[in-house]
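This is what each chain is made of:
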Amino acid sequence: MATETIEILIDGGKATPGPPLGPAIGPLGINMMQVVEQINQKTADFEGMKVPVKIIVDTSTREFEVTVGTPPTTALIMDELKIEKGSQDPGMDKVADLKIEQALKVARMKFDTLLSADYKHATKEVVGTCVSMGITVEGKDPREVQKEISQGIYDDRLVENS
């Protein structure tokens, strides 16, 4: 079985048969519209973000499989906060404030790619990303919030199956 793998960055929910997708998969002889449809279905939740997509094509049968990665944690945080970019000077300039529930939401979206074993630690990872972005969490320095998460202060708001 001969396979080709194409890895490409797509705007969530907005794949088209044009570049960059068309020229990459056109020569493989698979149904372009089926690929576009499948990518758009699988990336609809990430609208407005660049999403890594992998298309694995069996060149002998022309069957294909689409797998979707998740956007970087920073992109998910910016989308959650509706901001264009993080701070130019994260030490001095704070651009936004993330609620613990928003950090948990991002942690859930990224959970498969994070190193954490549970949502509490995954949320700490997301909060840690806020440090370099100039984003406060619950109005405080993210490092302080990481300590508070460890102390269990937010446990009632970080319910595992919420």
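Just so we're clear, the structure is a prediction, and the values are computed from it rather than from any experiment.

A. Broad picture of the sheet that holds strand β1 (residues 3–11). One open sheet holds the three strands; their spatial order is β1-β2-β3, and the pairing between them is antiparallel. On the outer flanks of this sheet lie β1 and β3 (63–68), each paired with one strand and no other. Averaged over neighbouring strand pairs, the angle between their axes works out to 20° when direction is ignored. Sheet topology places strand β2 (residues 50–58) next to β3; six bridges connect them, and they run antiparallel. Counterpart to Val53 in the pairing with β3 is Val68. Strand contacts of helix α2 (residues 32–43): β1, β2 and β3, with the helix running at about 25° to β3, the strand carrying the most contacts.

B. Structural detail: the nonpolar core. If you look at the biggest cluster of nonpolar residues, it comprises 29 residues, and the most contacted ones within it are Ile77, Leu98 and Ile135. Secondary structure elements with two or more residues in this core: α3 (73–81), β4 (96–98), α4 (100–110), α5 (119–133), β5 (135–137) and α6 (142–151). In terms of residues, this core owes the most to one element, α5, which gives six residues. Apart from the residues lying within four places of it in its own chain, the contact partners of Ile77 are Leu98, Val106, Val126, Thr129, Cys130, Met133 and Ile135. Listed in part, the 17 residues of the second largest apolar core include Ile8, Val35, Val53 and Ile55.

C. View of the packing of aromatic side chains. What the rule picks out here adds up to one aromatic pair. Aromatic pair Phe111 and Tyr119: ring centres 4.7 Å apart, planes at 55°, arrangement tilted. We classify Phe111 as partly exposed; its relative accessible area is 21%.

Rules and cut-offs
Residues numbered from 1 in each chain as written. Predicted model: local features only at pLDDT ≥ 70, side-chain atom pairs only at ≥ 80, totals over all residues. Heavy atoms only, no water. Pairing = 2+ DSSP bridges. Helix = DSSP H or I, 4+ residues; strand = E, 2+ residues; numbered from the N terminus. Axes fitted to C-alpha atoms, helices over the stretch in contact; angles between N-to-C directions. Contact = heavy atoms within 4.5 Å. Core = buried A, V, L, I, M, F, W, Y, C linked by side-chain atoms within 4.5 Å. Buried < 20%, exposed > 50% of the residue type's maximum accessible area, 1.4 Å probe, protein only. Phe/Tyr/Trp six-rings, centres within 6.5 Å; stacked < 30°, edge-to-face > 60°.

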